[in-house]
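Chains, contacts and geometry: an overview
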Amino acid sequence: MRVNFNIFKDNISWDALIHQLNSDVLLRHVLVMGNVVDRNIDFSYCDETRQGKIIDSDNQLIGNFSTSF
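Read on for a plain summary of the structure. (Residues numbered from 1 in each chain as written. Predicted model: local features only at pLDDT ≥ 70, side-chain atom pairs only at ≥ 80, totals over all residues. Heavy atoms only, no water.)

**Some remarks on the nonpolar core**
- Formed by 17 residues in total, the largest nonpolar core has its most connected members in Phe-5, Ile-7, Val-30, Ile-41, Phe-43, Ile-54 and Phe-65.
- At the level of secondary structure, the elements contributing two or more residues to this core comprise β1 (2-7), β2 (12-17), α1 (23-33) and β5 (61-68).
- Sorting elements by how many residues they give to this core places α1 first, with four residues. (Core = buried A, V, L, I, M, F, W, Y, C linked by side-chain atoms within 4.5 Å. Buried < 20%, exposed > 50% of the residue type's maximum accessible area, 1.4 Å probe, protein only. Helix = DSSP H or I, 4+ residues; strand = E, 2+ residues; numbered from the N terminus.)

Written as structure tokens, this is what we have:
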């Protein structure tokens, strides 16, 4: 599965190939590639639209992601 990440701060975007969609995998990619300091990141995902949100510890939307096969 391919995941396209977008972090709003500094307008950072990248694609990653992952084998399993879960918060640990998403967090690792966001921390390494997204220039994000806050480790308390949460993710929400909609199976129907294949889109998700990246939310920081202040409950602020800091980015989004989408999946494709």
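What follows picks up the thread again.
**Topic: the pairing of β5**
- Relative to β5, β1 is paired through six bridges, and the arrangement is antiparallel. Bridge pairing in β5 places Arg-2 opposite Ser-68.
- Summarising the sheet, strand β4 (residues 51-55) and β5 pair through five bridges and their orientation is antiparallel. Counted as the bridge partner of Ile-55 is Leu-61 from β5.
- Hairpin geometry of β4 and β5 is characterised by an intervening segment of five residues between the two adjacent antiparallel strands and by a positive phi of about 65° at Asn-59. (Pairing = 2+ DSSP bridges.)

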